[in-house]
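# A closer look at the structure
As a plain string of letters, each chain reads:
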Amino acid sequence: MTLQTKIVTSSQGLRGEITVPGDKSISHRSIMFGALAHGKTHVTGFLQGEDNLSTLNAFQSMGVTIDQHSNGELTIHGCGLHGLQEPTDVLDCGNSGTTIRLMSGLLAGQSFFSVLTGDQYLRKRPMGRVVNPLAQMGAKISGREHGQCAPLAIQGRPLTAIDYTSPVASAQVKSAILLAGLYADGVTTVNEPHLSRDHSERMLRHFGVEVTSFLGGASVAGGQTLQAQDLLVPGDISSAAFFMVAALIVPNSELLIRNVGINPTRSGIIDILQAMNGSVELVDQREVAGEPVADILVKGSQLKGVEISGEFVPRAIDEFPVISIAAACAEGTTVFRDARELRVKETDRIAAMEAVLRVLGVSVESHEDGMTIEGCEQFSGGRVNSCGDHRIAMSSAIAALRAKDPITINDTGAGKSTLSRLLSERLNYINIDTGAMYRTVALAVDRAGIDLNDCCALDQLCQTLDIYFKRDDKIETIWLGDEDVSTLIRTPEMSLLTSRVAACQEVRLHVLQPVKRCVQRC
Ligand code: S3P
């Protein structure tokens, strides 16, 4: 997909109050722990993004009832640690590393067989980091490339507790092992080089499980029962990060971002931007369902370069793409170190941001574990590639606020549309949601009863489809011919079918045509 940014910088700056979508990491865990608990867990603020829907679909496929209310809230009917059922099909984790890695731990201790897979990007990401420690606990997991890559086939069985030292600071690794630890005999301990995000530990405690946290790790004893609890998911600091940098780099801005999670294992972005001389203030700090929350007031500032390494890296790991835009607007040099993990995210984020910054005329040099960026006054425009990674796309969109010519962002479609929708609304960009387009094709395929292996029938159907978007008073809808299908395409059944439909070459080729038609209609 191509997203053509339309820039609306003004001397007035970005002013006002906003809220951001719910925290993605906490939303995943709300489904997982809610499903393993006894009783009903009611979730408010759940992020309805593609990644979280992958988790939701997977648990539904294992027999968990999840009521999705029209206001976006969820009720999860927990079935206890041993109440999940063997799924009848492969579980598709889409683009979501959190889904596949945490579920590997959870499924290792079940009494049934399951298979986890994902999209082309996820299938390239390293799974050995969870498979190896789980194997030490007695798990039976096989996968491509000697168990290092998905698909992963898991034959659940009884597990033994371990004391594991992880070579990487990763909440996905830590959480997978702690989840397996719930099924193990004895106390399972995970040690990590720097403390990674601790949402699993906090939520387990909220559900009544005894978890010990220490500097650089956590332990849990197996066999403990989770009791259902209501959950309020705070706004995602990783989404707020884009708006924080936007407000900092546009002079005269004053933006209040309400209700953002400021868990210290996630709030590295705040410390880093403050160290860069950014005016970032926490207002009305409070605690909600075991997680610290605040409003964040950001004012346009002249940033300066800094060095970022060590414990700051896991605390801001998802924010490096947008921090690199802040660095490119700062006075002086910024150096990132110890951030090798960025090379194995949804894409190699060091290489991707280096390429983006070069197109924008920034002087940048990458290292194996980071980057050195020289700040400049203004970016040039140009065509950048997001490599299908939403955080690269969003960071490039924020860069447009300081560019003298438009920036065109290619390949924004990894299915993560919530934030791009919000950004396009706020910044008045034109946003074409390819995820919604694939869902609409899936709806048409479902209605026509076409077999996905029948390439000719798929090809013929795609040629007849007229898919386009309409925007009316900030509400964007998607149409199939003269029918508004915006709600119809958002059911769990359509989510499942969409990932299979979007994998078909014929469909991918045809989605390009409606994109062009839709741009003409806008
Ligand atoms: C996440 C952990 C982090 C982060 C990812 C979400 C989680 O990954 O980058 O976006 O929800 O546990 P790692 O554990 O690989 O660092």
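As shown above, the structure is provided for reference.
Residues numbered from 1 in each chain as written. Predicted model: local features only at pLDDT ≥ 70, side-chain atom pairs only at ≥ 80, totals over all residues. Heavy atoms only, no water.

## Details of the site of the ligand
- Close to the ligand lie Ser-25, Arg-29, Thr-98, Arg-101, Ser-170, Ala-171, Gln-172, Arg-197, Ile-317, Asp-318 and Lys-345, which account for all nearby residues.
- One nitrogen or oxygen atom from the side chain of Ser-25 is found 2.7 Å from an oxygen atom belonging to the ligand.
- Within the side chain of Asp-318, an N or O atom sits 2.7 Å from an oxygen atom of the ligand.
- With the chains in place, 95% of the 380 Å² that the ligand exposes on its own is no longer accessible.
- Those elements giving two or more residues to the shell around the ligand turn out to be helix H1 (24–36), helix H3 (97–108) and helix H6 (171–181).
- Tallied by class, residues from the shell around the ligand come to two nonpolar, four polar and five charged. (Near = heavy atom within 4 Å. Polar contact = N/O pair within 3.5 Å; in protein donor to acceptor, adjacent residues only side chain to side chain. Areas by Shrake-Rupley, 256 points an atom, 1.4 Å probe, with all protein chains shown as cover. Helix = DSSP H or I, 4+ residues; strand = E, 2+ residues; numbered from the N terminus. Nonpolar A, V, L, I, M, F, W, Y, C, P; charged D, E, K, R; others polar.)

## A look at H1
- Its 13 residues place the ends of H1 19 Å apart at the C-alpha level, agreeing with the 18 Å of an ideal helix rising 1.5 Å per residue.
- Across the 13 residues of H1, 13 count as buried, placing the element largely inside the fold.
- Where H1 starts, the residue carrying a side-chain oxygen 2.9 Å from the main-chain nitrogen of Ser-25 turns out to be Asp-23. (Expected span 1.5 Å × (residues − 1). Buried < 20%, exposed > 50% of the residue type's maximum accessible area, 1.4 Å probe, protein only.)

## Concerning the pattern of salt bridges
- Applying the stated criterion across every chain yields a total of 27 salt bridges.
- Measuring nitrogen to oxygen at the nearest pair gives 3.1 Å for the salt bridge that ties Asp-51 to Lys-24. In this pair, Asp-51 sits in helix H2 (residues 50–61) while Lys-24 sits in helix H1, placing the two residues 27 residues apart along the sequence.
- You can call Asp-51 buried: its relative accessible area is 4%.
- With a relative accessible area of 16%, Lys-24 lands in the buried category.
- For the salt bridge of Glu-192 with Lys-174, the shortest nitrogen-to-oxygen distance reads 3.1 Å. Separated by 18 residues along the polypeptide, Glu-192 in the loop between strand S13 (187–191) and helix H7 (199–206) and Lys-174 in helix H6 bring together distant segments of the chain.
- The class of Lys-174 is buried, set by a relative accessible area of 1%.
- Linked by salt bridges that have partners in common, Arg-125, Arg-197, Asp-318, Glu-346, Arg-349, Asp-389 and Arg-391 make up one network. (Salt bridge = Lys/Arg side-chain N within 4 Å of Asp/Glu carboxyl O.)

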